[in-house]
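Listed below are the residues making up each chain.
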Amino acid sequence: MADYPAKLQEYLDDFNFITSREERVDYLIAIADEFQPVPPSIATKPYDEAHRVIGCESEAFVWALERADGTLDFYFDVLNPQGLSAMAMSAILDQACSGAPLEQVAAINGEVVFTFFGRDISMGKGRGLTELINAVVYQAKQRLKSA
Amino acid sequence: MSDIGSRGYANPDKLVSTDWVAARLNDDNIRIVESNEDPLLYPSGHIPGAVEVDWVKDLNDPLRRDYLGKAGFEALASRIGITPDTTVIFYGDKSNWWATYALWVFELFNHTNAKIMDGGRLKWAEEGRELTREKPVISPTSYSAPERDDSRIRAFRDGVLQHIQSSGQLVDVRSPAEFSGEKLHMEGYPQEGAVRGGHIPGASSVPWSRAANEDGTFKNAAELSAIYLEEIDLNPAEPTVAYCRIGERSSHTWFVLTNLLGFADVRNYDGSWTEWGNSVGLPIEK
């Protein structure tokens, strides 16, 4: 199994214990409530399309800024006010990947979406959320390449 | 005040406004039902008293590619506390795409006393109306449903084949790229694709979302007529089939043609492109 960022692994362990749909949904909503959109000091609307997550119907955007130690701070926004799942996924990725070792971020498999959201999520939602993860992974890989 | 009555719809009673719903939250003869794609939306906040119908776990058979049967529908209807006389008001995300899908399935069981809240969840929320996380306490009923009737508003593969052989009217409601065959699936839905790209021969392309305004409400009858009657020359008196990828987007178009424009015979082909585009021996056009 890949060595994931510690906070991501913590979340995955939590969700692996969940057996009821209701409990999963309540946990995800609580995480979505913690979502903080990108601050104006980093980006303002209308956002540069280069930051858009292609394939995410909730209109998610991702930014990555380098820290002094070479790791990345990730920022997100979700323009669709009904994009609650995308907000939950963004909050998880923010907490788990900002400041985490780039090798660990680059190793994240998009399949973790199904650990969080379950297998009965619609194809569209699953795809969009996977692309959100892929956007974060891509940024980490790019930084590793250029290091 | 609602302007639904002034929009020229053939059957304006199938649509209600957010004002109308807000004034009837405590009406025992009405059940408000939210149906979304995003499973987090209903539990995160819904119209007070509304119940959820989930398109995956509530409307589909878990093992066959089909909708629930008589017993399943009776169990669902009883659980959400309705009787055959209850007026069911559907609303949801994505311009009511999933709400019209749920309504269409309910009509397969002849629960035709069902309406759509115009503008859906987004309009209700943007008007600053109350959303609650409190689940309503529902007293279960004992709903007795007829057998599911697929003959009236549902189309199947062989029927569609006969339909196109007699040059019947067909509306493809997918994106232009899916219609042309450039894409084998809808953007973001790669696992619901097909081995071939294109469309059913003779189909006209009108993406479903053209029937909706930016705020999720339906366009008025004149605007809809301009699209469906003038632009692609459909005849409301002729049998019409709508399809998409698995039959959900086309349920929105089915609702528009049937209830807002008054077409006499519209069927939703839920096998849609995932069946037609993958089937041996069926013709396609690009």
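The shown structure was predicted, so the numbers you read here are calculated from the model rather than taken from an experiment. (Residues numbered from 1 in each chain as written. Chains lettered and ligands numbered in written order. Predicted model: local features only at pLDDT ≥ 70, side-chain atom pairs only at ≥ 80, totals over all residues.)

1. Notes on the nonpolar core
Among soluble globular proteins, nonpolar side chains are generally buried collectively. Residue and element names in this part refer to chain B. Using the following cut-off: When buried Ala, Val, Leu, Ile, Met, Phe, Trp, Tyr and Cys residues are joined through C-beta atoms within 7 Å, the set is termed a nonpolar core. Residues with at least 20 other C-beta atoms within 10 Å of their own are called buried, those with 12 or fewer are called exposed, and the rest are partly exposed. The C-beta atoms themselves are positioned from the backbone. Labels follow the DSSP assignment, with helices taken as runs of H or I lasting at least four residues and strands as runs of E lasting at least two, numbered in each case from the N terminus. Domain borders in the structure are assigned automatically or taken from a domain database. Placing C-beta atoms from the backbone, we regard two residues as in contact once those atoms come within 7 Å.
Residues Val33, Ile89, Phe90, Ala102, Leu103 and Ala242 are the most contacted members of the largest nonpolar core, which totals 71 residues. Here this core gets 10 residues from one element, more than from any other, and that element is helix H4 (residues 97-108). Two domains each provide a minimum of three residues to this core, namely domain 1 (4-126) and domain 2 (154-276). Once residues lying within four places of it in the same chain are set aside, the contact partners of Ile89 are Val16, Val21, Ile30, Ile32, Val33, Lys115 and Met117.

2. Some details on the domain arrangement of chain B
All names here are of chain B. To keep things clear, this is the line we draw: Gly is put with the polar residues, along with every residue not named as nonpolar or charged; the nonpolar set is Ala, Val, Leu, Ile, Met, Phe, Trp, Tyr, Cys and Pro, and the charged set is Asp, Glu, Lys and Arg.
When the domains of chain B are assigned, the result is domain 1 (4-126) and domain 2 (154-276). Taking only C-alpha atoms, the centre of domain 1 and the centre of domain 2 are 21 Å apart. Listed by partner, the interface residues are 22 residues for domain 1 and 21 residues for domain 2. When contributions to the side of domain 1 that touches domain 2 are tallied by element, the ones reaching two or more residues are H4 and helix H5 (120-126). Counting residues per element, the side of domain 1 that touches domain 2 draws most heavily on H4, at seven residues. Tallied by class, residues from the side of domain 1 that touches domain 2 come to 11 nonpolar, seven polar and four charged.

3. A few points about unusual backbone geometry
Backbone torsion omega between Lys45 of chain A and Pro46 of chain A reads -5°, so that peptide bond is classified as cis. The topology assignment puts Pro46 of chain A in the loop between helix H2 (21-32) and strand S1 (60-66). With phi around 60°, Asp233 of chain B is a residue other than glycine that occupies positive phi space. Looking at the element boundaries, Asp233 of chain B is found in the loop between helix H8 (221-231) and strand S9 (240-243). A count of 9 C-beta atoms within 10 Å places Asp233 of chain B in the exposed class.

4. Thoughts on the sheet that holds strand S8 (residues 204-205) of chain B
Residues and elements named next belong to chain B. Defined as follows: Pairs of strands are assigned from DSSP output, requiring at least two bridges between the strands. Only the stretch in contact is used when fitting a helix axis, every axis being a line fitted to C-alpha atoms; angles between N-to-C directions are given from 0 to 180 degrees.
Reading across from one edge, S6-S10-S9-S7-S8 is the order of the five strands in this open sheet, with parallel pairing throughout. Across the chains shown, the open sheet's two edge strands, defined by having one partner strand only, are strand S6 (154-155) and S8. Pairing geometry for strand S7 (residues 169-172) and S8, over two bridges, is parallel. In the strand pairing of S8, Val171 is matched with Ser204. The sheet strands contacting helix H9 (residues 249-260) are S7, S9 and strand S10 (266-269), and the helix crosses S10 at an angle near 180°.

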